[in-house]
Amino acid sequence: MAADTIVITGATGGVGRALARLYGQRGANVALLARGAAGLEAAVREVESAGGRPLAIPTDVAVSEQVDAAAERAEDQLGPIGLWVNNAMVTVMARTWDVTPDEFRRVTEVNYLGYVHGTLAALRRMRRRDRGTLVQVGSTLAFRGIPAQAAYCATKHAIEGFTESLTAELLADGSRVQLCAVHLPGLNTTQFVWGRNKLPHRPQPVPPIYQPEVAAEAIAWAADRGRRTTYVAASTAATIWGNRLAKPLVARYLARTNIDAQQTDDPADPDSPDNLFEPADAERDYGSHGPFDDRAHATSPLQVLSRNRGRVAVGAALAAAAVAALTNNRTGEEN
């Protein structure tokens, strides 16, 4: 992978920033796409210090021409794109009737159309070479909408439908381009620092909370193996399957608990940064972590099991054989 170029959108904060560091540690060529100048400068320094070769490309993923120009520049200066990670996002934390049409439009343009633009830019180059990997960074909320995040949830649902269609098309074409979806749980990211918030209290991820490095490691692992679908945490899998099996009950549960679960006890700060229409990190770098380091998990047991599922399967088979042997012995003794 190090010989090719890795492109990461939303590379200055949260998962994108953690992923940039990870690929820097691998010595990769990393194209960093984001809007904020200060965030891009800091991300470049981190990738360089980790051992990678970074290229900062100021890009608003909502503008298709900027995304395609970024892809062209990445290939010209770093080499062929081998991995493209669609990760950029914005959000509005508010009840649906408190979100303006312009806010809905902007979230859709960044979160959904930004993925479309990135995917098309990557495919124009990868299909020509018949190789490469695309990762769509998804969410639990691609399968279950929650209150106070209608704009964000709608875009994640749209990405999932888009990805399903594209997967079938690549299979029909016999393409060797790989398409991966990695669905994330609640994370301690800069989303909860600079996301637009109209709720009365400061926003927080729904617990359990994981560090962005957990997501970054899962994305890299899935990309390395071409894993079509990856759930990063047990909470993600449980929510998705719970919603499939008991959607009305889940809706009632979320109605009772989830608006409060997405807020801390601290009043909202009217002066907090806001990255919806303009970058929050144009003059100041916010890093990759949000304010919940003391509550965030650094590992995901589900990911450990998933990465070692061959060993787990062998262990389970051996355990089953041992139980069967013991049962047979006891039956023979009784007879």
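Provided above is the structure to which this section pertains.
Below: a short report on this structure. (Residues numbered from 1 in each chain as written. Predicted model: local features only at pLDDT ≥ 70, side-chain atom pairs only at ≥ 80, totals over all residues. Heavy atoms only, no water.)

1. Overview of the overall build of the chain
Inference 1: Counting its secondary structure elements, the chain contains eleven helices and 14 strands.
Inference 2: In the chain, which comprises 335 residues, the share counted as buried stands at 51%.
Inference 3: Long-range contacts, defined as pairs at least 24 residues apart, comprise 77% of the intrachain contacts of the chain with a sequence gap of at least 6.
Inference 4: Only carbon and sulfur atoms are counted for the fraction: they give 53% of the accessible area of the chain, which is about 15,300 Å². (Helix = DSSP H or I, 4+ residues; strand = E, 2+ residues; numbered from the N terminus. Buried < 20%, exposed > 50% of the residue type's maximum accessible area, 1.4 Å probe, protein only. Contact = heavy atoms within 4.5 Å. Areas by Shrake-Rupley, 256 points an atom, 1.4 Å probe, with all protein chains shown as cover.)

2. Describing the sheet that holds strand 1 (residues 5-9)
Strand pairing in a sheet relies on backbone hydrogen bonds. The paired strands run either parallel or antiparallel.
Inference 1: Strand order across the open sheet formed by seven strands is 3-2-1-4-6-7-12, with parallel pairing between neighbours. Looking at strand neighbours, the two that pair on one side only are strand 3 (53-58) and strand 12 (229-231), the edges of this open sheet. The average angle at which neighbouring strand axes cross in this sheet is 15 degrees, direction not considered.
Inference 2: For strand 2 (residues 29-34) and strand 3, the ladder comprises six bridges, and the chain directions are parallel. What sits directly across from Ala-34, in strand 3, is Pro-58.
Inference 3: Along the sheet, helix 2 (residues 37-50) contacts strand 2 and strand 3; its crossing angle with strand 3, the most-contacted strand, is approximately 170 degrees. (Pairing = 2+ DSSP bridges. Axes fitted to C-alpha atoms, helices over the stretch in contact; angles between N-to-C directions.)

3. Notes on the packing of aromatic side chains
Inference 1: For the structure shown, the criterion picks out four aromatic pairs.
Inference 2: Seen in terms of ring centroids, Tyr-112 and Phe-162 are 6.3 Å apart; in terms of plane orientation they differ by 85 degrees. Their pairing is edge-to-face. With Tyr-112 in helix 4 (residues 101-129) and Phe-162 in helix 5 (residues 150-173), this pair connects stretches of sequence that are 50 residues apart.
Inference 3: Ring centres of Phe-192 and Phe-292 lie 6.4 Å apart, and the angle between their planes is 75 degrees; this geometry places the pair in the edge-to-face category. With Phe-192 in helix 6 (residues 191-194) and Phe-292 in the loop between strand 13 (263-267) and strand 14 (296-297), this pair connects stretches of sequence that are 100 residues apart.
Inference 4: Taking NZ or CZ as reference, Arg-244 lies 4.6 Å from the ring centre of Trp-241, over its face. (Phe/Tyr/Trp six-rings, centres within 6.5 Å; stacked < 30°, edge-to-face > 60°. Lys NZ or Arg CZ within 6 Å of the ring centre and 35° of its normal.)

4. Remarks on the sheet that holds strand 8 (residues 186-187)
Inference 1: Pairing in this open sheet of three strands is parallel, and the strands run 8-11-14 from one edge to the other. Two strands close off the open sheet at either side, each with one partner strand: strand 8 and strand 14.
Inference 2: Bridge count between strand 8 and strand 11 (residues 209-210): two bridges; the pairing is parallel. The residue bridging Leu-187 from the neighbouring strand is Tyr-210, located in strand 11.

5. Re the packing of helix 4 against helix 5
Inference 1: Packing of helix 4 against helix 5 leaves a shortest axis separation of 8 Å and a crossing angle of 20 degrees. Here helix 4 lies roughly parallel to helix 5, going by the angle between them. As helix 4 runs across helix 5, the sense of the crossing is right-handed. Facing helix 4, whose interface residues are Phe-104, Val-107, Thr-108, Asn-111, Tyr-112, Tyr-115, Val-116, Thr-119, Leu-123 and Arg-127, helix 5 presents Ala-150, Ala-151, Tyr-152, Thr-155, Lys-156, Ala-158, Ile-159, Phe-162, Leu-166, Leu-170 and Asp-173.
Inference 2: When its residues are assigned to classes, the contact of helix 4 with helix 5 shows 14 nonpolar, four polar and three charged. (Parallel < 35°, antiparallel > 145°, perpendicular 65-115°, else oblique. Left-handed = near helix turned anticlockwise from the far one by under 90°. Nonpolar A, V, L, I, M, F, W, Y, C, P; charged D, E, K, R; others polar.)

6. Comments concerning empty space enclosed by the protein
Inference 1: Within this structure, the stated rule accounts for one cavity of 30 Å³ or more.
Inference 2: Here the largest cavity defines a volume of roughly 40 Å³.
Inference 3: As for the largest cavity, its lining consists of Gln-136, Gly-138, Ala-142, Lys-156, Ile-159, Glu-160, Thr-163, Ala-181 and His-183.
Inference 4: Those elements giving two or more residues to the lining of the largest cavity turn out to be strand 6 (133-139), helix 5 and strand 7 (178-184).
Inference 5: Here the residues of the lining of the largest cavity are counted per class, giving three nonpolar, four polar and two charged. (1 Å grid on protein atoms, 1.4 Å probe; cavity = no way out; pocket = protein on both sides within 12 Å on 5 of 7 lines; lining within 4 Å. Points joined across faces, edges and corners; volume = space filled by probe spheres on them.)

7. Notes on the packing of helix 3 (residues 64-77) against helix 4
A packed helix pair is summarised by two numbers, namely the angle formed by the two axes and the spacing between the axes.
Inference 1: Two numbers describe how helix 3 lies on helix 4: the axes approach to 8 Å, and their chain directions differ by 40 degrees. Taken together, the axes of helix 3 and helix 4 are oblique relative to one another. Seen along the crossing, helix 3 lies across helix 4 with a hand that is right-handed. Touching Ser-64, Val-67, Asp-68, Ala-71, Glu-72 and Glu-75 of helix 3 are His-117, Gly-118, Ala-121, Arg-124, Arg-125, Arg-128 and Arg-129, all from helix 4.
Inference 2: A class-by-class count of the residues in the contact of helix 3 with helix 4 yields three nonpolar, three polar and seven charged.

8. A few points about helix 2
Inference 1: Here helix 2 spans 20 Å end to end across 14 residues, near enough to the 20 Å set by a 1.5 Å rise per residue.
Inference 2: When helix 2 is considered as a whole, its buried residues turn out to be Ala-38, Gly-39, Leu-40, Ala-42, Ala-43, Val-44 and Val-47.
Inference 3: Against the buried residues of helix 2 lie helix 1 (14-25), strand 2 and strand 3.
Inference 4: Directly beyond the C-terminal end of helix 2, a positive phi value near 115 degrees is found at Gly-51. (Expected span 1.5 Å × (residues − 1).)

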